[in-house]
Amino acid sequence: MTSLSLVVRPERPEDDAAIARLEARAFGPGRFARTAYRLREGNPYRRDLGVTASVGSFLVGSVRMSPVRAGEAGVLMLGPLAVDPSFEGRGIGSALTRAAIEAARAAGEGLVILVGDAPYYARFGFAPVPPGRLTMPGPVDPARLLWLELRDGFAVGLSGAILPAQG
């Protein structure tokens, strides 16, 4: 792995355009059809929990957190986690994920959910949601619906539909 002078920092309003370009490069137009994107659509994300990664003046990674409801509880949804394709495999996604989790924990949040690859996210403590506990508002492979408790016991008894926090 080539050493990068990577700067990981909280997201700022002036990052919006660069993040939009990054997500387009990383995911292409098909991203808008995915259930996780549809859930975030029109649902404001928590800028205070967003994290970016830059090499020099080039934004190479970003992760955001959106407030959602899981049953009756307010929780966070991690994503999108985007890394510029030319910088993949260098630990940027891991650095961003760790920073976002720590920001959420420091903010006193109780639970983070995401739709992603269980073997990748297990290193951060994410585990599959037990079958039947939470449902997404569209098609999602149940094995890819993951959660991470930030406060012990937060997920006990948690069940229901995952919906935007707004509306």
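Residues numbered from 1 in each chain as written. Predicted model: local features only at pLDDT ≥ 70, side-chain atom pairs only at ≥ 80, totals over all residues. Heavy atoms only, no water.

Draft legend 1. Geometry of helix α1 (residues 16–27). For α1, with 12 residues, the first-to-last C-alpha span of 16 Å sits near the 16 Å given by 1.5 Å per residue. Buried residues of α1: Ala18, Ile19, Leu22 and Glu23, and no others. Each buried residue of α1 lies within a common arc of 135° when the element is viewed along its axis, so the set occupies one face. Positive phi shows up at glycine 28, right after α1, with a value of about 70°. (Helix = DSSP H or I, 4+ residues; strand = E, 2+ residues; numbered from the N terminus. Expected span 1.5 Å × (residues − 1). Buried < 20%, exposed > 50% of the residue type's maximum accessible area, 1.4 Å probe, protein only. Arc of directions from axis to C-beta.)

Draft legend 2. A look at the pattern of salt bridges. A complete count under the given rule lists 10 salt bridges for this structure. A salt bridge links arginine 12 to glutamate 14; the nearest nitrogen and oxygen atoms lie 3.1 Å apart. Glutamate 14 gets classed as exposed once you look at its relative accessible area, which sits at 56%. Note that arginine 46 is salt-bridged to glutamate 109, the shortest N-O span being 2.8 Å. (Salt bridge = Lys/Arg side-chain N within 4 Å of Asp/Glu carboxyl O.)

Draft legend 3. Looking closely at the packing of aromatic side chains. The final tally for this structure, using the stated rule, is five aromatic pairs. Here tyrosine 120 and tyrosine 121 contribute two aromatic rings whose centre-to-centre distance is 4.9 Å and whose plane-to-plane angle is 85°, an arrangement assigned as edge-to-face. Using a relative accessible area of 10% as the deciding quantity, one classes tyrosine 121 as buried. Among the aromatic side chains, those forming a connected cluster through ring pairs are Tyr120, Tyr121, Phe124 and Phe126. Between the NZ or CZ atom of arginine 64 and the centre of the ring of tyrosine 45, over which it lies, the distance is 3.8 Å. (Phe/Tyr/Trp six-rings, centres within 6.5 Å; stacked < 30°, edge-to-face > 60°. Lys NZ or Arg CZ within 6 Å of the ring centre and 35° of its normal.)

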